Amino acid sequence: MADSGWARTADPDAADSRTASPLTGKKRAQQSPGVRPKHQSYAPGHCLKKVTLTKPTFCHSCSDFIWGLIGFLCEVCNFMCHEKCLKTLRSACSCMAPSLVRVPVAHCFGPAGQKKRFCCVCRKHTEGNTALRCEVCELHVHADCAIFSCADCRSSHLDRTLQQDTFHHHWREGNLPSAARCDVCRRSCGSSDVLAGMRCEWCGLTSHAACYLGVPPECTLGRLRSMLLHPACVRLDSRNFSKMHCYRITESCSQELDNSDDVDSSAAASKDAPPAATEPGKQFLKVFDGDDAVKRGYFRLVSIHRATRKEEVVEAALRAFYLPDEPLGYELQDVGSVQRLHSDDILNRNGGPDNRSFLKDGGDACLLRAKPRDAEDIKVYAGWPRSGAAFVSVSVSKSSTTASVLTEVLGLLHRQQEDASIFSLLEVCMSSKQVQRQTLSPQEKILDKLQENRKMSLRLMNQTRFYAVENRKQAVQVCLLIGGLAPLLTREEYAQLLQEHLAIKSHLVTISHFYASQGAVALQISCFSEAERIYMLAKDTTVNSKTLTALVLPEIAHSELGPDVCPLLVFVNPKSGGLKGRELLYSFRKLLNPHQVFDITNGGPLAGLHTFRDVPRFRVLVCGGDGTTGWVLGVLEAVRHKLACREPPIGIVPLGTGNDLSRVLRWGAGYSGEDPHHILVSVDEADEVLMDRWTILLDAQDISEDGKDNCFLEPPKIVQMNNYFGLGIDAELSLDFHQAREDDPDKFTSRFHNKGVYVKVGLQKISYSRSLHKELQLQVDTQDVPLPNIEGLIFLNIPSWGSGADLWGSEVDGRHEKPSIDDSLLEVVGVTGVVHMGQVQSGLRSGIRIAQGNYIRLTVSKPIPVQVDGEPWIQPPGHIIISAAGPKVRMLRKSKQKQKKSAAGSKDGRSESPSSRGGGH
C-alpha cells in the first residue's frame, strides 16, 4: 500500500521555505523544534504546531486557501492545514511511510520530467535538475529526499515469498490534475498548488484524503482491466536483480543511488543554496544517524537556538531523519570522542566553558544514538495470505532468539499446532531502491540484532521489518533472453557458442527456445547466482564483432488470465518523436503493468513477443514511425510459428516523420500530446482490419561490358514491404535525408525540422534529370508494361505516400480498381520530378497511373537509389521481384466514432482521464 503520499508546503516563518525542500543533506538546516506541539489529529506521525502565515498558503487537506494569519504546520513533512481540518485529517506524515507499506517493492528512479510536481516526502516543488521520479509509479521526490522514501512501489508481479490475500488499491497522495474529482463525494480533489488528494495507481480512482478510507479496499483495475496484465498472472524470480533489470529500464539517472541509498552531496547543492548566515541566537549542528553515516560522511544540519535543551535537540535530529520515535529513547554523542554529552543544555548553557569549547574545537558534529534497551516490542508480519491484522506485536528481551520469537508469533497467528522449525524469521530492509532480505538463524539474539542495526543506521532501521515465512523449496526459474548472436544456427551451435563465450553450466542452464532468424536464445536458469553471472557477463561479451544483449523476462501464467482479458503488448521507440517517445514509455508503464511495456531499442520486438508467446489472445501497440512498425511486423512474421496467438492485431501511435500507415488506419498524422489513457481506450475500441504485406526479392547482378551477367555482387536479399517501394528521385531524396540524419542525429528531434530538411533536399534536386524508362524494364503479372518518361517509380500498398499525399488519386478510372489495403494488389505510379512530387503533396496533382497487379518483376540496368517504407539504399543492377508475403496481417483501425470524440475533446481542452494527472507527456 502506498499511502505514502506527502507533498510540498513550506515553513511560513522562513523567507525561502516555499521554493525548496527542507531536506538537502549537507546543505540545508532543519527548523528548530521549539515547544513540543500540542495539536493532535487522527492522522499518525504529524508534529503540528500553530504558525503565523506570512505568505498566501493552501491547505493540504482540503486544498482551499487558508484565510487569516494562523495555520497548522507539521515540522517533519511540512504538511499545512486549517484548524477546522485537524479533525478530519487522514494524510499520514512522511515519517510513518514504512509502517504503511503492504508489500515491499523497490522503486525505479529516473530523471523527472519538466512538469511542475511536488515531492512526496517533503511536500515541496521538485523543479530543477535533481528531481527524480519512479518509472513505474507516481512517486516524485527530490534527489536528496529519495533516501527517506521507502519501498512502496506497485507490486507488478507475484511475490512468492510475501504473498497478499486480495488485490487492493495502491494509493498514492497528490500530483493529481486540478480537474480531478473525488469518486466518493464527487467534489474536486485535485490541486496545482499543493500535494493533495489520493489516487489508485492501478484503477485510476481519485478521492480526497478524508474520503478514500471509505472506498472498498479491493481494486478492479478500472477501465483498462481488459487489456492489463494482472500482477497475479506474472511470475518473476528476481532475487539478485534490481527492479531496473526486471523492467528492462535503462539506468539513465545522472546521479545513482547505491545500495544504501546514499546521495551525492552535489545533487543537493544544485537544488538549494548553502545555509544562510547564522541568525542571531542560532547555531547549526551536524548530526549523523549511525556508524554508516559517519563512514560515508553523510550528515544532516539541524538549526537550533543557543538556549535549546538537549531533549529538544534530540527531537529536532529525529525529525531531520524522519524518525517517528520519542526523543527520550535517544541521545547525542560527540563524533570525535564518541562520548555522551552530559550537559542539559547543548549550546552555551549559562556561558559554561564546556559547551563553548565543544563548538570552538569543531565539535558541532554529533552522533544520534538509541539508548540501550533491556526489552522492546517488535512487529512481525505474516508472510502468507491471511485476514485480520497485518502484524502481531511481540516483546523481546536479551534472551529472546529467533526460534522463541517464531513460537510466540505462530501462537498469536493461530498456527501454534504447526512445527516452528518449518518457519523462518525474515528481516526485510525496505529502502527505496532495493528491498534486501535476510533469513535469521534460529539461535540469533533478536535484541542484539536490533541494537546492531540501530548502531549502523537509525534511518535504515526505521525502514526494516520482520516477516514470519514458511520454508519452501521452490524451484528457481530465471528466464534470460540473449541476443546479438549469429543468425540461422542450430540449437547445438548456439549452445556451443554460449559455452565458449559465457562458460554456462549446463546442469543449471537450458535453452528453452531459440530464434535462428533473430540470432537469439532464451535460457531457463535454475540458480540465481548463475543467472546474475550470465546476465552481467553477456553485456560485456562480443561475438563476431557484435556485443551481446541480455534481458530478464517474466513468465505469464496464461491459464490464469480471465476469459474477457486480451492483454496489450506495447512497444515504444523512445528515440522517435523527440522526447515524446520517452514520455509515452513512462506513461504506459504507469497505466499498465510495466511487464507488458517494452523499450524496443532494448532487445527489439523479440523480447515482448517471447514474453507473450503462450498468451492465447493479445493485441500489440507500436509507438514509433513507419520504420518501427515495419520492424515489429517483420519480427512477428519470422517468429509467429512459435506464438500461441499467431496473428495479433496491431495498433499504432505515430511518432515518426511520415506516419503514412497510421494515417490510413486513422491514428493520425503524428502524436501531438494526446492523453495516453485515451489512446489505450481507443485501442480497446478499435476495429480489426486486414492488410497486405509484400516480399521484395533483390537479386543484384553485375551486368558488365564483358558479359559476366551472372556474377552476383551479393546473395539475393529479401525485404518485407508494408507501405510502398520507390525507385529514382523519391528514393534519392530519402537517401539524402537519411545520410543527413546519420551525420548529425541530435538535430533530428522534431517532426517540423525533419520536414524542413526534406524540403531543402528536394530543392537541391529540382533540376535533377533521369530517364527511368531507359534503365528499367517492368513486368506486371507477367505482362511487359512500357514506362513513360519519368524520374521516379513508386509501388503503393496503402493510399498514403510522402506524409499523407494521395499519389494514386481519387478519380474514377475504368481501367483500374479502387485501391484498398487488403485487395492483394499493388498500385504502380510514376512521378516526373521534384516539382511533380511537390504538386502531389500539395494536392494539386496526382501521380501518373501505370498499372495494378500482384506480381511485379523489374530489371535494373544501372545502380539506382531505392527505398522501402522510408529505408533507402543504392541498389546494384539486377532483378527485383515483388510478390505477396503469405497471410495478411491484422491491424487495428481507430473507430470513426472514437476519432470524433477525441477531436471534440481536444477542442474543448478537457481531459478527465486518470492518466492526465501527470504522466509527463
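Residues numbered from 1 in each chain as written. Predicted model: local features only at pLDDT ≥ 70, side-chain atom pairs only at ≥ 80, totals over all residues. Heavy atoms only, no water.

Concerning helix α11 (residues 580-591)
Under the convention used in this document: In this text, helices come from DSSP runs of H or I with a minimum length of four residues, and strands from runs of E with a minimum of two, each type numbered from the N-terminal end. To estimate the expected span of a helix, subtract one from its residue number and multiply by 1.5 Å. Under the scheme applied here, a residue whose accessible area is under 20% of the maximum for its type counts as buried, over 50% as exposed, and between as partly exposed, the area being computed with a 1.4 Å probe on protein chains only.
Along its 12 residues, α11 runs 16 Å from first to last C-alpha, staying within 8% of the 16 Å computed at 1.5 Å per residue. Across the 12 residues that make up α11, a large majority, 10, are buried.

Points about the side chain of R415
Which entries qualify depends on this criterion: The definition of a polar contact used here is a pair of N or O atoms within 3.5 Å, where within protein one atom must be able to donate a hydrogen and the other to accept one, and adjacent residues in sequence count solely through side-chain atom pairs. The contact criterion used throughout is that any non-hydrogen atoms of two residues lie within 4.5 Å.
Tracing the backbone shows R415 in the loop between α6 (402-412) and β18 (423-430). Note on R415: relative accessible area 16%, which makes it buried. Engagement of the side chain of R415 in a polar contact is seen with the side chain of E470, the distance being 3.3 Å. Apart from the residues lying within four places of it in its own chain, the contact partners of R415 are W384, L410, F423 and E470.

Some remarks on the sheet that holds strand β3 (residues 70-74)
Keep this limit in mind: A pair of strands is considered paired only if DSSP assigns at least 2 bridges between the two.
On the basis of which strands lie adjacent, the open sheet formed by three strands has the order β2-β3-β4 and antiparallel pairing. At either margin of the open sheet sits one strand with a lone partner, and together these are β2 (48-52) and β4 (80-81). Pairing of β3 with β4 involves two bridges; the strand directions are antiparallel. When the sheet's bridge partners are listed, L73 is paired in β4 with M80.

Overview of the pattern of salt bridges
Basically, it comes down to this: Salt bridges are defined as contacts in which a side-chain nitrogen from Lys or Arg sits within 4 Å of a carboxyl oxygen from Asp or Glu.
Counted by the stated rule, this structure contains 34 salt bridges. R582 serves as the salt-bridge partner of E135, at 2.7 Å between the closest nitrogen and oxygen. Highlighted residues: E135 in the loop between β6 (131-134) and β7 (140-142) and R582 in helix α11, separated in sequence by 447 residues. Residue E135 is classed as buried on the basis of its relative accessible area, which comes to 2%. In this structure, the salt-bridge partner of R890 is E647, at a minimum N-O distance of 3.2 Å. Within this pair, whereas R890 is found in strand β45 (residues 889-893), its partner E647 is found in the loop between α13 (626-639) and β31 (650-654), the two being separated by 243 residues in sequence. The class for R890 is partly exposed, based on a relative accessible area of 32%. One continuous salt-bridge network, built from bridges that share partners, spans K49, E75, E315 and R319.

Quick look at the pairing of β31
The line we're drawing: By definition, the crossover connecting two strands over a helix is right-handed if that path, from the first strand to the second, turns clockwise as seen with the strands pointing away from the viewer.
Most of β31 is tucked away: five of the five residues are buried. Across the two faces of β31 the burial is the same, with I650, I652 and P654 and G651 and V653 all buried. Viewed along the sheet, the connection from strand β30 (residues 619-624) through α13 into β31 turns out right-handed.

Description of unusual backbone geometry
Of note in this structure, R123 is not a glycine but carries a positive phi near 65°. With respect to the element layout, R123 can be found in the loop between β5 (109-111) and β6.

Side note on the side chain of N723
Relative to the helices and strands, N723 resides in the loop between β34 (717-721) and β35 (724-728). Contacts of N723, omitting those with residues within four sequence positions, involve D626, L661, F795, L796, N797, I798 and D869.

Focus: helix α18 (residues 834-841)
Using the following cut-off: The directions from the helix axis to the C-beta atoms form the arc being described.
Those residues of α18 that fall on the buried side of the exposure criterion are V834, H836, M837 and V840. Seen end-on, α18 carries its buried residues on one side only, within an arc spanning 160°. One or two positions beyond α18, positive phi appears at G843, with a value near 85°.

Overview of the confidence of the model for the chain
Under the convention used in this document: pLDDT is a per-residue confidence score from the predictor, ranging from 0 to 100.
Confidence in the prediction for the chain averages 80 pLDDT; 79% of positions are at 70 or higher. By mean pLDDT, helix α2 (residues 265-271) is the weakest element of the chain at 36, and strand β28 (residues 568-572) is the strongest at 97. Note on residues 703-713: pLDDT is under 50 here. Beyond four places in sequence and across chains, it has 16 contacts. Note that residues 905-921 has pLDDT below 50 and, in this model, 48 contacts with residues that lie over four places away or in other chains.

Here we look at the nonpolar core
Let me state the cut-off plainly: Residues grouped as a nonpolar core are buried Ala, Val, Leu, Ile, Met, Phe, Trp, Tyr and Cys residues, joined through side-chain atoms within 4.5 Å.
Residues V570, F588, L592, L621, L680 and M891 are the most contacted members of the largest nonpolar core, which totals 79 residues. Setting aside its immediate chain neighbours within four residues, V570 contacts F588, L592, Q596, V597, F598, L621 and C623. Membership of the second largest hydrophobic core comes to 63 residues, among which are I66, F79, C153 and A320.

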